[in-house]
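The chain contents come next:
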Amino acid sequence: MDSPRLVFALIGAICLAVFAACTVEKAKPSKVLPALPPEAGRWTAEESVGRDPYWSNRVAATLDGYRGRIPRRFAEFHPTTFRRLETASNEVALTFDACGGTYGSGFNAPLVDFLEADRVPATIFVSWRWVTNGNLGNFRRLATNGLFQVENHGLTHRPCAVSPREIYRIPSTPDLAAAVMEIAGNAALLERLTGRRTSFFRSGTAYYDDVAMDLAASLGHRVAGWDVLSGDVGGGQTAQAIAGRVLRACKPGSVVIMHLNQPSWNAAPATRIIVETLRSRGVRFVRLDGVREGP
Ligand SMILES: [Zn+2]
């Protein structure tokens, strides 16, 4: 190799190294919050609502406004459920639930590693029950990464209703006060941690009565459904089966529901297949608040 070529080769190598460094740099979290206080695990919903004038006023007004309302319908979907993006573009929203509880308080690190490394924007529904079952650090990781929109998956992860109901053998919130705290209590706790107010709500089990639907709106939340059910539940579902269901059902504007609290399920390899296949079809990924990945 003569010397001009050597110089060009060296310059090329330096440019490549700088480009690679920039790419790695972009994959780092883009927001920095102070460390989450360890005592946050002992915060209560009542205290968090009471110390925040916005939430204490809103909760009081909502309790007053809804007293005596009789629910007529308990269902997964209602006419006002947000199920698809309001877009004509070739965009899809991936949503992941973090549920909590005895069997639901894990963290699917390979899934989040993949979303971060491949710069896939996603919306993550977080229950306080999950945060306080050993996931404060994992919550911080999600909440401080600008890729992710953290939203409200309920204080205790129950169906949301103003009278006792049950679905999948899980009892609902039993009354108006509990339904309000299921939404506003979790919102106030998450806001206390992040400084950001949630604006989408998905209850545990995603069942609601019609009064709870209106309550969510009065408390500043749209109820987030989906039009593509991944069926990622259970370790017996292979990545190919999960991805196949999603890829067959996805259309422009689709909202997909999956989980990130179950590392033994195959959500991580399934998501890799889904993202790679949809990108090859020209799909861009978007959060529910409209933030989207680059071209
Ligand atoms: Zn859940």
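Before any of the text, the structure's been laid out above.
Conventions we followed
- Residues numbered from 1 in each chain as written.
- Predicted model: local features only at pLDDT ≥ 70, side-chain atom pairs only at ≥ 80, totals over all residues.
- Core = buried A, V, L, I, M, F, W, Y, C linked by C-beta atoms within 7 Å.
- Buried ≥ 20, exposed ≤ 12 C-beta atoms within 10 Å, placed from the backbone.
- Helix = DSSP H or I, 4+ residues; strand = E, 2+ residues; numbered from the N terminus.
- Contact = placed C-beta atoms within 7 Å.
- Pairing = 2+ DSSP bridges.
- Right-handed = clockwise from strand over helix to strand, strands pointing away.
- Axes fitted to C-alpha atoms, helices over the stretch in contact; angles between N-to-C directions.
- Left-handed = near helix turned anticlockwise from the far one by under 90°.
- Nonpolar A, V, L, I, M, F, W, Y, C, P; charged D, E, K, R; others polar.
- Arc of directions from axis to C-beta.
- Parallel < 35°, antiparallel > 145°, perpendicular 65-115°, else oblique.

Some details on the nonpolar core
Next, step 1: Membership of the largest hydrophobic core comes to 77 residues, with the highest contact counts inside it found for Ile124, Val126, Ile183, Ala184, Ala212 and Val256.
Next, step 2: No other element matches helix H7 (residues 176-194), which puts 11 residues into this core.
Next, step 3: Once you skip the residues sitting within four places of it in the chain, Ala212 turns out to touch Cys160, Ala161, Val162 and Ala179.

Observations concerning the pairing of strand E2 (residues 91-98)
Next, step 1: With seven of its eight residues buried, E2 lies for the most part within the structure.
Next, step 2: Inspection of the sheet shows E2 paired to strand E12 (residues 284-285) by two bridges, in the parallel sense. Residue pairing in the sheet places Glu91 in a bridge with Arg284 of E12.
Next, step 3: Across five bridges, E2 lies against strand E11 (residues 255-259) in parallel orientation. Pairing of Thr95 across the sheet is with Ile257, part of E11.
Next, step 4: Sheet topology places E2 next to strand E3 (residues 122-126); four bridges connect them, and they run parallel. Looking at the pairing, Thr95 lines up with Thr123 of E3.
Next, step 5: One crossover worth recording links E2 to the parallel E3 by way of helix H4 (residues 109-117), and it is right-handed.

Description of the packing of helix H3 (residues 53-66) against helix H8 (residues 210-218)
Next, step 1: Two elements in contact, H3 and H8, have axes separated by 10 Å at closest approach and are oriented at 145°. Handedness of the crossing formed by H3 with H8: right-handed. Contacts between H3 and H8 involve Thr62, Gly65 and Tyr66 from the first element and Val211, Leu215 and Ser218 from the second.
Next, step 2: Split into classes, the residues belonging to the contact of H3 with H8 amount to three nonpolar, three polar and no charged.

Some points on H4
Working note: α-helix, 3.6 residues per turn, so residues spaced by three or four point in the same direction.
Next, step 1: The complete set of buried residues in H4 reads Leu111, Val112 and Leu115. Across the axial projection of H4, the buried residues extend over an arc of 95°, all falling on one side. Residues of H4 that are exposed and angled more than 90 degrees away from the buried face: Asp113 and Ala117.
Next, step 2: In the core, the buried residues of H4 are packed alongside E3 and helix H10 (267-280).
Next, step 3: Of the residues flanking the end of H4, it is Arg119, one or two places downstream, whose phi is positive at about 55°.

Some points on the packing of H4 against H10
Next, step 1: At a minimum axis distance of 8 Å, the contact between H4 and H10 shows a crossing angle of 25°. Between H4 and H10, the angle is such that the two are roughly parallel. Contact with H4, carried on its side by Pro110, Leu111 and Phe114, involves Ala267, Ala268, Thr271 and Arg272 of H10 and no other residues of that element.
Next, step 2: For the contact of H4 with H10, the per-class residue count stands at five nonpolar, one polar and one charged.

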